[in-house]
Amino acid sequence: MSTTSGESTTLDVAAIKADFPILNKPINDRPLVYMDSASTSQKPVQVLDTMRDYYENTNANVHRGAYFLSDKASRAMEGARKKVARFIGAPDSNEVIFTKNATEALNLIAASWGRSNLNKGDVVVLSLIEHHANIVPWHMLAAERGIELRFIGIGDDGLLDLSNLDELMEGAKLVSVTAMGNVTGAIVPVERIAKAAHAVGALCAVDACQLVPHVPTNVADLDIDFAAFSGHKMCGPTGIGVLWARKEILEAMPPFLGGGGMIANVTIDGFTTADVPHKFEAGTPPIAEIVGLGAAVDYLTAIGMDNIRRHEVELSAYFMRTMKERHGDDVIIHGPSEPAQRGGVFSFAYKDVHPHDLSQVLDEHGISVRAGHHCAKPLMKELGVGATARASLYIYNDESDVDRLVEALDNASDLFSL
Amino acid sequence: MSGLEDLYKEIVIDHYRSPRNRGELETPPAKHAEGFNPLCGDEVQVYIQIDDGVITDVAIGGQGCSISQASASMMSAGIKGKTLAQVEELTAAVKSMMSIHEYELEDDDSGVLPEPPDVDLGDLEALKGVVKFPVRIKCATLGWNTLAEALSN
């Protein structure tokens, strides 16, 4: 691997950067180094143009009229559904449900599947590295139904401790885990967990928010039952997320929201539901966002998900090595130390500068990193910290970005006279 | 880095590194409240002992960024030994310092602003720089909001 700043052996990062208008605008008079893609990614011009083109040349409501534009809009939306299905290896595009975001997708699982399948004493297994979006909906259901929540703990090097997995699975009806931690980047062996779930007759849901944008994903190969992810973390717009689930599960589930578009028939006595996916898509969907997500899928596919993963593993190795070389024990990086076992998400501590202050100082250098608990308070408690600074990498980051971050930390040190 | 120097004034860093009145008081008799900044995890505990309308003792706990902890430390020094009426005035003065600048930031001079109370802010004056960083205002006001809660408990 080249050690020259700014070079990647895998991706043409300069060309990719040129696709993202916002990355070419200075922040605090410095070139922007955007390192908060685990929160939301930036958007390439290809996605922005597609959405603008949709509004200028296609816009109409979907599945409503026989007229030209409505048909065109419906085709654009259903075309995007097929793209998303192919992208995640879904056997049938009707298994792809469009939601507002991954949070809504996870809430849909809890509210629809959970309410119709879980009763007092039933067990749902989560993990200690979950985002609040995969904890709170289950707490809500626990308060309503008296279900029991169990948590897979953390073992060596920030990876999940699966040594007592079989024990945790006793009486479980569902396991819902992230595929890659949003705080530490720890990759979770989803296949193994799904296997353990199925062995006791439980289903396996996966929060794939940090997986789908960064790692080639095939839901059929993983042999899972549900997957939730958001469009805005994968170069798509905000306001669009995806729930994927196996068709027979979706067909047996009651609807989530009621309204237009999700019905087969309505009378004064009741209603019958439309087939999946429409059963779960009440109201006018975010059509432009769906089409934009389709364009994001095209963009990532053209770069190649294998290449993206390779780039991020290389850049992660460079990140950890450079931080260590320059700052030694002054920097603590949480999570796996082996690049192959993690994504490019780095929660770190620097001397005793509070993460909030660190983020402020880095911003002055044009570097965007997030500070806080990253919606994972149970994990923060486990790590024994109130907050962390988090730098997360994506296709448009390169070694020169890492160098800028590593150098700017010295300024934080000076400012706090450490 | 002129902006950052406004934010991280020497006196602010001093209060952060050597916080005043750090600890706990026994409750009761002391009043207590706990404040959280749900977005970033800052945490402040405020204990106050009130005797005959005077804050005779105060203790601060918690953890968080330099601004939240320094502001709480400055607050503890500023209210100790003061009457409840004086504390109310001081609180109003600090809040107005924060909000006046918020108006200035938005270039909105149309609003009628309450006259800031004529109070000597002492060290607290150093927090003025925070208002140039709107996201950090909630860090600076966390201690004060927690104090208000403790007083009403």
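This is a predicted model, so every value here is computed, not measured.

Quick notes on the rules
Residues numbered from 1 in each chain as written. Chains lettered and ligands numbered in written order. Predicted model: local features only at pLDDT ≥ 70, side-chain atom pairs only at ≥ 80, totals over all residues. Helix = DSSP H or I, 4+ residues; strand = E, 2+ residues; numbered from the N terminus. Rg over C-alpha atoms; globule rule 2.2 N^0.38 Å. Buried ≥ 20, exposed ≤ 12 C-beta atoms within 10 Å, placed from the backbone. Contact = placed C-beta atoms within 7 Å. Nonpolar A, V, L, I, M, F, W, Y, C, P; charged D, E, K, R; others polar. Pairing = 2+ DSSP bridges. Axes fitted to C-alpha atoms, helices over the stretch in contact; angles between N-to-C directions. Left-handed = near helix turned anticlockwise from the far one by under 90°. Parallel < 35°, antiparallel > 145°, perpendicular 65-115°, else oblique. Domains from an automatic or database assignment. Expected span 1.5 Å × (residues − 1). pLDDT = per-residue confidence, 0-100.

A. Focus on the overall build of chain A. Regarding its fold elements, chain A presents 14 helices and 15 strands. By the compact-globule yardstick of 22 Å for 418 residues, chain A fits well, its C-alpha radius of gyration being 22 Å. Counting only C-alpha atoms, chain A reaches 70 × 55 × 35 Å along its principal axes. Residues counted as buried form 53% of the 418 residues belonging to chain A. A fraction of 72% describes how many contacts in chain A between residues 6 or more apart in sequence connect residues 24 or more apart.

B. Layout of the overall build of chain B. The helix and strand tally for chain B stands at five helices and three strands. The N-to-C order of helical and strand elements in chain B reads α-α-β-β-β-α-α-α. Taking all 153 residues of chain B together, the buried fraction comes to 36%. Taking all contacts inside chain B whose residues are at least 6 apart in sequence as the whole, residues at least 24 apart take part in 70%.

C. Quick peek at the interface of chain A and chain B. Between chain A and chain B, the contact holds 14 residues from the first and 15 residues from the second. Mapped onto the side of chain A that touches chain B, the elements with two or more residues apiece are helix H12 (355-364) and strand S14 (370-372) of chain A. At five residues, H12(A) tops the list of elements feeding residues into the side of chain A that touches chain B. Looking at the side of chain A that touches chain B residue by residue, the class counts come to six nonpolar, six polar and two charged.

D. Just the sheet that holds strand S15 (residues 388-392) of chain A, in detail. All names here are of chain A. Strand order across the open sheet formed by four strands is S11-S12-S15-S14, with antiparallel pairing between neighbours. At either margin of the open sheet sits one strand with a lone partner, and together these are strand S11 (331-333) and S14. On average, each strand axis in the sheet is inclined to that of its neighbour by 30 degrees, with strand direction left out of account. When S14 meets S15, the two strands line up antiparallel, connected through three bridges. Paired with Ala 371 across the bridge in S15 is Ala 389.

E. A look at the packing of H12(A) against helix H14 (residues 399-415) of chain A. Residue and element names in this part refer to chain A. Between H12 and H14, whose axes approach to 9 Å, the crossing angle comes to 120 degrees. Crossing geometry of H12 relative to H14 is assigned as right-handed. Here Leu 358, Val 361 and Leu 362 of H12 come into contact with H14, specifically with Leu 405, Ala 408, Asn 411, Ala 412 and Leu 415. Classifying every residue of the contact of H12 with H14 by side-chain character gives seven nonpolar, one polar and no charged.

F. Seen up close, the packing of helix H3 (residues 68-87) of chain A against helix H10 (residues 287-303) of chain A. Residues and elements named next belong to chain A. Running from N to C, H3 and H10 point in directions that differ by 40 degrees, and their axes come no closer than 8 Å. Here H10 runs oblique to H3, going by the angle between their axes. Considering how the two elements wind past one another, H3 and H10 form a crossing that is left-handed. For the pair H3 and H10, contact is made by Ala 73, Ala 76, Met 77, Gly 79, Ala 80, Lys 83, Val 84 and Phe 87 and by Ile 287, Ile 290, Val 291, Leu 293, Gly 294, Val 297, Asp 298 and Thr 301, respectively. Its residues assigned to classes, the contact of H3 with H10 shows 11 nonpolar, three polar and two charged.

G. Here's a closer look at the domain arrangement of chain A. All names here are of chain A. We note that the domain assignment places domain 1 (13-31 + 305-410) and domain 2 (48-302) within chain A. Computed from C-alpha atoms alone, the centre-to-centre distance between domain 1 and domain 2 is 28 Å. With 24 residues of domain 1 in contact, the opposing surface of domain 2 contributes 24 residues. Secondary structure elements with two or more residues in the side of domain 1 that touches domain 2: helix H11 (305-327), strand S12 (345-350), helix H13 (377-383) and S15. For the side of domain 1 that touches domain 2, the element with the highest residue contribution is H11, accounting for five residues. For the side of domain 1 that touches domain 2, the class distribution of residues is nine nonpolar, nine polar and six charged.

H. Up close: H10(A). Residues and elements named next belong to chain A. For H10, with 17 residues, the first-to-last C-alpha span of 25 Å sits near the 24 Å given by 1.5 Å per residue. For H10, the tally of buried residues reaches 13 of 17 residues, placing the bulk of the element in the interior. Directly after H10, the chain includes Gly 304, whose backbone phi takes a positive value near 100 degrees.

I. Here's a closer look at the confidence of the model for chain A. Here chain A shows a mean pLDDT of 95. Residues at 70 or above account for 98%. Considering only residues more than four positions removed or in separate chains, one finds that residues 1-6 of chain A, a stretch of pLDDT under 50, has 10 contacts.

J. Up close: the pairing of strand S9 (residues 263-267) of chain A. Residues and elements named next belong to chain A. Burial within S9 is sparse, with just zero of its five residues counted as buried. Alignment of S9 against strand S10 (residues 270-273), held across four bridges, turns out to be antiparallel. Following the sheet pairing, Asn 265 is matched in S10 by Thr 272. Connecting S9 to the next strand, S10, in antiparallel fashion are two residues.

K. Structural context of unusual backbone geometry. Of note, the bond from A:Val276 into A:Pro277 is cis; its omega dihedral lies within 30 degrees of zero at 5 degrees. Following the sequence through the fold, A:Pro277 ends up in the loop between S10 and H10. Going from B:Pro28 to B:Pro29, the amide bond is cis rather than trans, its omega being 15 degrees. With respect to the helices and strands, the residue B:Pro29 is situated in the loop between helix H2 (10-17) and strand S1 (31-37). Notably, A:Cys375 is not glycine yet its phi reads approximately 55 degrees, a positive angle. Structurally, A:Cys375 is set in the loop between S14 and H13. The class of A:Cys375 is partly exposed, set by 19 C-beta atoms lying within 10 Å.

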